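The residues making up each chain are set out below.
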Amino acid sequence: MKKLVLALVAVLAVCALSSCSKSCNCKVYYNDNIATKTITLDEGKRCSDYNTYVKAGNTETGIKCTPQLF
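Residues numbered from 1 in each chain as written. Predicted model: local features only at pLDDT ≥ 70, side-chain atom pairs only at ≥ 80, totals over all residues. Heavy atoms only, no water.

A. Quick peek at the state of the cysteines. Across all of its chains, the model carries two disulfides by this definition. Here C24 is linked by a disulfide to C47, with a sulfur-sulfur distance of 1.8 Å. Classification of the bridge connecting C24 and C47 rests on its S-S torsion, roughly -95°, and on that basis the disulfide is left-handed. Of this pair, C24 sits in strand 1 (residues 23–30) while C47 sits in the loop between strand 2 (33–40) and strand 3 (54–56), and the two are 23 residues apart along the sequence. With respect to class, C24 is no different from C47; both count as buried. (Disulfide = S-S within 2.5 Å. Helix = DSSP H or I, 4+ residues; strand = E, 2+ residues; numbered from the N terminus. Buried < 20%, exposed > 50% of the residue type's maximum accessible area, 1.4 Å probe, protein only.)

Structure, rendered in C-alpha cells:
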C-alpha cells in the first residue's frame, strides 16, 4: 500500500512540475511537411494558446504545441 501511495505522489509531482514549464515543443505542419520547434512562452500564455492546427481530408496545416516536461 505504501508503494502505491508513493507512486501516486510521484505522478502528481511530475504533473505539477510540467505546469510550470516555460517552453513548448511545437510541430509545424505545412504542404505535407512537418517541422519541429521549441518556443519560449510569453507571460501569461499556455502552450495550447499557440495551437492553430487544422486537418481537412489528407491535408494538415498549422501548429500543435505541447508542454516541455523538463
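We are not done yet, so read on.
B. Focus on the sheet that holds strand 1. Overall, antiparallel pairing links the four strands, which are arranged 2-1-4-3 in an open sheet. At either margin of the open sheet sits one strand with a lone partner, and together these are strand 2 and strand 3. This sheet shows a mean twist of 20° between the axes of neighbouring strands, independent of strand direction. Strand direction decides the pairing type here: strand 1 and strand 4 (residues 59–67), joined by six bridges, are antiparallel. Of the residues in strand 4, the one forming a bridge with K27 is K64. (Pairing = 2+ DSSP bridges. Axes fitted to C-alpha atoms, helices over the stretch in contact; angles between N-to-C directions.)

C. Examining the environment of S23 more closely. With respect to the element layout, S23 can be found in strand 1. Contact partners of S23, with chain neighbours within four places excluded, come to T38, I39, T40, L41, C47, P67 and Q68. (Contact = heavy atoms within 4.5 Å.)

D. Broad picture of unusual backbone geometry. Positive phi, normally seen in glycine, also occurs at N31, with a value near 45°. Here N31 lies in the loop between strand 1 and strand 2. At D32, a position not held by glycine, the phi torsion is positive, near 60°. Residue position: D32 is located in the loop between strand 1 and strand 2. The class for D32 is exposed, based on a relative accessible area of 68%.

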